[in-house]
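The chain contents come next:
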Amino acid sequence: MPSAAPQPAPAPQKKSAGRDLGAAIGVGVGLGAVIVASLFVVKAVFVGVIAVAVVVGLWELTSRLEERKGIKAPLVPLAVGGAAMVVAGYVRGAEGAWVAMALTALAVLVWRMTEPPEGYLKDVTAGVFAAFYVPFLATFVAMMLTADDGPRRVLTFLLLTVVSDTGAYAVGWRFGKHKLAPRISPGKTREGLFGAVTFAMAAGALCMQYLIDDGTWWQGLILGLAVAASATLGDLGESMIKRDLGIKDMGTLLPGHGGIMDRLDSLLPTAPVVWLLLVLFVGSG
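Predicted model only: the values in this text are computed from it and were never measured. (Residues numbered from 1 in each chain as written. Predicted model: local features only at pLDDT ≥ 70, side-chain atom pairs only at ≥ 80, totals over all residues. Heavy atoms only, no water.)

This part takes up the overall build of the chain. Along the chain, the regular secondary structure elements total nine helices and two strands. Along the chain, helices and strands appear, N-terminal first, in the series α-α-α-α-α-β-β-α-α-α-α. Among the 285 residues that make up the chain, the fraction classed as buried is 46%. A sequence separation of at least 24 residues applies to 71% of the contacts in the chain between residues at least 6 apart. Per element, the accessible surface of the chain, about 14800 Å² overall, is 70% carbon and sulfur. (Helix = DSSP H or I, 4+ residues; strand = E, 2+ residues; numbered from the N terminus. Buried < 20%, exposed > 50% of the residue type's maximum accessible area, 1.4 Å probe, protein only. Contact = heavy atoms within 4.5 Å. Areas by Shrake-Rupley, 256 points an atom, 1.4 Å probe, with all protein chains shown as cover.)

As structure tokens, then:
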């Protein structure tokens with residue numbers, strides 16, 4: 001009986017990013033151009049960009065909560081209060097942001113009273129959480145902008161967060177073997193975290209030395225380390241939310257990226273960290 005012909009060995013599979021890389025790069029470059037243009041032309045325009053991102057992010061978050069969990073966090077008071085929160089943070093600083101946050105929470109409580117009481121507690125709890133998670137954290141970006149070198153502070157914040165994410169992706173994709181938090185985000189690795197820390201610290205040293213008034217390279221090392229930690233935790237935090245909701249992305253608005261919230265996940269928790277460290281290192285002016 002003739003022996004069976006040997007089967008060809010399967011071709012090795014290439015690692016894939018899981019998204020349309022071309023679309024992701026194109027959208028990323030386009031967003032970056034809009035942000036940089038608004039940031040360095042008129043500060044108030046960039047505040048408007050933050051407010052728009054906040055409103056869209058709130059819409060995505062509340063929509064997914066209602067679709068997947070039946071939680072009806074009231075969008076109207078969240079959107080109005082969220083935009084007002086960003087403006088208040090820019091005009092009145094931390095005090096204005098806290099007052100606007102409190103008024104937004106109160107508006108959520110009152111607005112929800114117009115509907116039947118069933119589910120009231122979970123709806124308003126989700127609403128207050130959304131108000132804190134999206135617009136309140138975003139106000140720290142607006143507060144960075146008020147300094148004399150505000151646009152460069154915001155640019156530093158954005159660059160370090162993007163560099164941290166890029167370092168984590170590049171090193172994790174090439175060398176990642178040990179899972180960082182497999183139950184939360186299976187794609188994240190310890191090697192990727194090392195890449196995030198290394199890239200962000202290097203970028204932080206350069207940014208603090210050459211972009212921030214009175215900044216020094218060693219402060220940038222600390223800043224980069226803090227950004228890598230907060231960006232990673234922010235990414236894991238939203239991954240927890242999406243796993244609980246049973247979804248891959250918060251939206252489909254940005255081809256290759258998902259939704260606005262899928263881009264804000266690492267930025268939002270990083271904003272207060274960068275704001276605070278810059279204030280401690282070089283002051284608020």
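On we go.
This part is about helix H9 (residues 267-282). Three- or four-residue spacings in an α-helix give side chains the same orientation, since the helix completes a turn every 3.6 residues. With 16 residues, H9 should cover 22 Å at 1.5 Å per step; its first-to-last C-alpha distance of 21 Å lies within 8% of that length. Within H9 the residues assigned to the buried category are Leu267, Leu268, Thr270, Ala271, Pro272, Val274, Leu277, Leu278 and Val282. Backbone geometry just after H9 places Gly283 at a positive phi near 90 degrees. (Expected span 1.5 Å × (residues − 1).)

We now examine the environment of Leu109. Within the secondary structure, Leu109 is located in helix H3 (residues 75-112). For Leu109, a relative accessible area of 32% gives the class partly exposed. Separated by 35 residues in sequence, Leu109 and Pro74 place their C-alpha atoms 9.0 Å apart.

Here Arg153 lies in helix H5 (residues 150-175). Of the residues examined, Arg153 reaches a relative accessible area of 5% and is grouped as buried. Beyond its immediate sequence surroundings of up to four residues, Arg153 is in contact with Met144, Ala147, Ile212, Leu278, Val282, Gly283, Ser284 and Gly285.

Let us look at the packing of aromatic side chains. Tallied over the full model, the rule gives six aromatic pairs. Ring centres 5.6 Å apart and planes at 90 degrees place the aromatic pair Phe136 and Phe140 in the edge-to-face group. Taken as a pair, Phe136 and Phe140 lie in helix H4 (residues 120-145) at a separation of four residues, close to a single helical turn. Of the two residues, Phe136 and Phe140, both sit in the buried class. A centroid spacing of 6.1 Å and a plane angle of 70 degrees characterise the contact between Trp218 and Phe281, whose relative ring orientation is edge-to-face. Taken as a pair, Trp218 in helix H7 (residues 217-245) and Phe281 in helix H9 lie far apart in primary sequence, 63 residues in all. A residue is classified by how much of its surface remains accessible, and Trp218, at 44% relative accessible area, is partly exposed. Ring pairing ties together the aromatic residues Trp98, Phe132, Phe136, Phe140 and Trp275, which thus form one cluster. For Arg174, the ring lying beneath its charged end belongs to Phe175, and the centroid distance is 5.1 Å. (Phe/Tyr/Trp six-rings, centres within 6.5 Å; stacked < 30°, edge-to-face > 60°. Lys NZ or Arg CZ within 6 Å of the ring centre and 35° of its normal.)

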